[in-house]
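# Working through the structure, step by step
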Amino acid sequence: MVMELGTISINPKPGNRRHPAWPDMTHSHQSKQDTSSLRAGRSVRRRNRRGAMMVFVAMLMVAFMVTIAFSIDLAHMHLTRAQLRSATDAAAKAAAQKLSSTQDTAAAKQEAKDIAKLNIVAGKPMTLDDADIQFGHSSEDPTTGKYSFNTSGTPINSVVVTGDRTKGSATGSVKLFFGGFFGAADFEPKLSATATYLERDIVLVVDRSGSMQGQKSRDLKSAIETFVTTLNGTPVLENVGLASYSNQGRSDVALTTDLSAITSAMNAMRFDGMTSISRGMIAGDQILSGGRNTDFVERTMIVMTDGMHNTPNNGRDPQNEATKLAAKGVFIHTITFGSGADQSRMREIATIGRGTFSHASTSAELIKIYREIALTLSTVITK
């Protein structure tokens with residue numbers, strides 16, 4: 001049997017569901033487009049993030065460089081001020097020493113200039129003009145211990161040196177490394193120093209009572225010798241006198257620059273009797289009264305004892321004598337030596353006399369105390 005098959009034409013109507021086995025070519029193409037767009041978006045966002053990060057890093061680098069530049073200039077300014085302070089102090093002290101030895105302001109002024117030039121400030125020798133150097137009188141306020149300077153005061157005992165690194169100064173201003181970026185290309189420090197050359201009349205008041213016999217007297221002689229040796233090594237011209245006391249006070253050596261006279265008198269001293277500290281202070285005051293002009297010379301008394309004030313002096317106790325001496329401008333340092341010394345009374349005397357109190361238990365401590373006091377009696381920077 002023969003069957004004839006005709007041609008079958010299939011033409012699905014719009015909206016008919018496709019057969020599951022047939023691929024959806026339209027959907028596949030759309031998915032590829034969506035994936036490509038997604039990838040492109042991610043790439044753009046990554047590029048944007050990288051760009052933002054680069055901008056942030058660049059800003060941090062700028063801030064870091066600014067901080068470094070500022071730190072360098074700040075360190076340069078601190079170093080310059082330190083160098084300027086050192087140069088100014090040195091020039092003032094040198095001028096004061098020259099003034100004391102010559103009483104010649106021209107010589108002192110030249111000395112200040114010479115010493116200033118030996119000091120380097122911001123890479124340049126420090127140069128002083130005449131106007132940077134002033135002379136006058138400094139005096140200490142007994143109530144505060146502070147010095148005041150007066151250009152019209154006499155006698156002349158002080159020098160004020162101004163270290164000037166402003167634009168109009170002899171040395172000029174200090175150039176900053178990065179100051180131009182901050183609107184300040186120059187650093188212009190200006191400092192001053194006042195040096196007062198204090199010449200002193202000093203009287204040593206020592207205890208020669210019987211309790212000082214033996215080893216104590218030898219220890220005291222060693223301490224006084226150290227004191228004299230130390231003074232001889234300082235640049236200040238000191239006139240030194242020696243008073244001693246037991247039952248009575250005694251002026252052993254008048255004020256002198258020949259300090260060997262002090263050690264000679266100590267070596268010849270004999271020790272016996274009671275202890276009258278006030279009589280020793282009166283003897284010391286008599287020595288100071290024969291000293292130099294008190295407007296120029298500072299007067300100092302150093303009183304030591306190993307015992308107790310046990311000899312009446314018509315009601316004149318050591319504290320009363322200290323009050324009288326302080327009213328005359330005398331500074332009083334006190335020293336006690338050994339376990340039997342009246343530390344309380346001697347501390348009070350030092351307070352009245354605006355001086356220091358020290359206690360020594362041993363020979364080594366006594367020597368150290370006298371040496372330290374001697375070292376304080378030198379040129380000082382008063383401002």
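Right, let's talk about the overall build of the protein for a bit. A tally of helices and strands in the protein yields eight helices and 15 strands. Considering only intrachain contacts with a sequence separation of at least 6, the fraction spanning at least 24 residues in the protein is 72%. For the protein, the exposed surface amounts to about 20,800 Å²; the carbon and sulfur share of it is 55%.

What follows covers helix α5 (residues 277-289). An α-helical segment advances 3.6 residues per turn. Residues three or four places apart therefore align on the same side. In this model, α5 (13 residues) spans 19 Å end to end at C-alpha, consistent with the 18 Å of a helix rising 1.5 Å per residue. Counting buried positions along α5 yields eleven of 13 residues, so the element is predominantly enclosed. For α5, the full list of buried residues reads Ile277, Ser278, Arg279, Gly280, Met281, Ile282, Ala283, Gly284, Asp285, Ile287 and Leu288.

Let's shift gears to the packing of helix α3 (residues 215-232) against helix α4 (residues 260-268). For the pair α3 and α4, interaxial distance at closest approach is 10 Å and the crossing angle is 175°. Taken together, the axis directions place α3 and α4 in an arrangement best described as roughly antiparallel. Together, Leu220, Lys221, Ile224, Glu225 and Val228 of α3 and Ile262, Thr263, Met266 and Asn267 of α4 make up the contact between the two elements.

Where strands meet in a sheet, backbone hydrogen bonds hold them as pairs that are either parallel or antiparallel. Pairing is mixed across the open sheet formed by six strands, whose spatial order is β11-β10-β9-β12-β13-β14. Edge positions in the open sheet fall to β11 (249-256) and β14 (357-360), since each of these has one partner strand only. Looking at each pair of strands side by side, their axes are set apart by 15° on average, direction ignored. Bridging between strand β13 (residues 331-337) and β14 involves four bridges; their strand directions are parallel. Looking at the pairing, Phe337 lines up with Ala360 of β14. Where α4 meets the sheet, it contacts β9 (199-207), β10 (238-245) and β11, and its direction lies at approximately 15° from that of β10.

The next thing to look at is the side chain of Thr171. Tracing the backbone shows Thr171 in the loop between β5 (158-164) and β6 (174-175). A residue is classified by how much of its surface remains accessible, and Thr171, at 9% relative accessible area, is buried. At 3.1 Å, the side chain of Thr171 forms a polar contact with the backbone nitrogen of Thr127. Beyond its immediate stretch of four places on either side in the chain, Thr171 contacts Lys124, Pro125, Met126, Thr127 and Arg165.

On average, residues of the protein score 84 in pLDDT, and 81% of them reach the 70 mark or higher. Within the model, pLDDT remains below 50 along residues 1-10, and this stretch shows zero contacts once partners closer than five positions in the same chain are excluded.

Definitions and limits used
Residues numbered from 1 in each chain as written. Predicted model: local features only at pLDDT ≥ 70, side-chain atom pairs only at ≥ 80, totals over all residues. Heavy atoms only, no water. Helix = DSSP H or I, 4+ residues; strand = E, 2+ residues; numbered from the N terminus. Contact = heavy atoms within 4.5 Å. Areas by Shrake-Rupley, 256 points an atom, 1.4 Å probe, with all protein chains shown as cover. Expected span 1.5 Å × (residues − 1). Buried < 20%, exposed > 50% of the residue type's maximum accessible area, 1.4 Å probe, protein only. Axes fitted to C-alpha atoms, helices over the stretch in contact; angles between N-to-C directions. Parallel < 35°, antiparallel > 145°, perpendicular 65-115°, else oblique. Pairing = 2+ DSSP bridges. Polar contact = N/O pair within 3.5 Å; in protein donor to acceptor, adjacent residues only side chain to side chain. pLDDT = per-residue confidence, 0-100.

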